[in-house]
Amino acid sequence: MATDRRPGRASSRLAADLEQSGARIERLRMTVAAIAVLAVLLVAAVLWLGRAFTVDPTRRAADELTVPGWAAVNVHDETYGSRWCLGECRVRIRTWTSEGTVDDTANEYWQAILNAGWIPADPELCVGGLGEEGCYVRDELYLELWVVPVDCGDRYELCVESEVTAVVAAQAALPRLAEERSA
């Protein structure tokens, strides 16, 4: 029984096996890197879409109104309805207390509304309210604003404060708002 012992044969097989193992390891590394990149992209997409679906457009619109501190001392929000207009469309009523006069406060809010991209609406769309008012539209949203003087408890006290009320809603909610105002 003769065994064939050529000096290069075992080392060649070992080299070939190592080469195949190295190629498999390299493919495995590339696969893991591709999965990691896809996972990061998927997480980023989910976060971006999640924010788009969770941030209420009426809240975002009200938050975009940037005015000086004296024009928005206290803030109070009320909301009702569904943001997807299921049953009833979302309506946000935000009320600010201002330390300024009605004219000064109305001017600041008017500038903030125009700077946020709102355009004056057709007066027939305006639901109506008391005080300095204006109604505006942007995209699918509607905003109506009233500025009224604050009632002072002491008639001898110098009182120049005002109260600002903004109603932000989807334009689909306008018939319901008009109905509520007339009732």
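Worth saying up front: this structure is predicted, and the values here are computed from it rather than measured.

Draft legend 1. Here's a closer look at the nonpolar core. Counting 19 residues, the largest nonpolar core has L65, W96, I113, W118, L143 and L145 as the members making the most contacts within it. Counting residues per element, the ones that place at least two in this core are α2 (57-63), α3 (102-115), β5 (141-149) and β6 (162-170). Membership of the second largest hydrophobic core comes to 13 residues, among which are A121, V137, W146 and A169.

Draft legend 2. Seen up close, the side chain of S98. Within the secondary structure layout, S98 lies in strand β2 (residues 91-98). A polar contact is formed between the side chain of S98 and the backbone oxygen of W70, at a distance of 3.4 Å. At 2.7 Å, the side chain of S98 forms a polar contact with the side chain of T105.

Draft legend 3. Examining the pairing of β2 more closely. Across the eight residues that make up β2, a large majority, six, are buried. Summarising the sheet, strand β1 (residues 74-80) and β2 pair through seven bridges and their orientation is antiparallel. Bridge pairing in β2 places N74 opposite T97. Of the pairings in the sheet, the one linking β2 to β6 comprises eight bridges and is antiparallel in character. Across the sheet, W96 pairs through a bridge with V164, a residue of β6.

What counts and what doesn't
Residues numbered from 1 in each chain as written. Predicted model: local features only at pLDDT ≥ 70, side-chain atom pairs only at ≥ 80, totals over all residues. Heavy atoms only, no water. Core = buried A, V, L, I, M, F, W, Y, C linked by side-chain atoms within 4.5 Å. Buried < 20%, exposed > 50% of the residue type's maximum accessible area, 1.4 Å probe, protein only. Helix = DSSP H or I, 4+ residues; strand = E, 2+ residues; numbered from the N terminus. Polar contact = N/O pair within 3.5 Å; in protein donor to acceptor, adjacent residues only side chain to side chain. Pairing = 2+ DSSP bridges.

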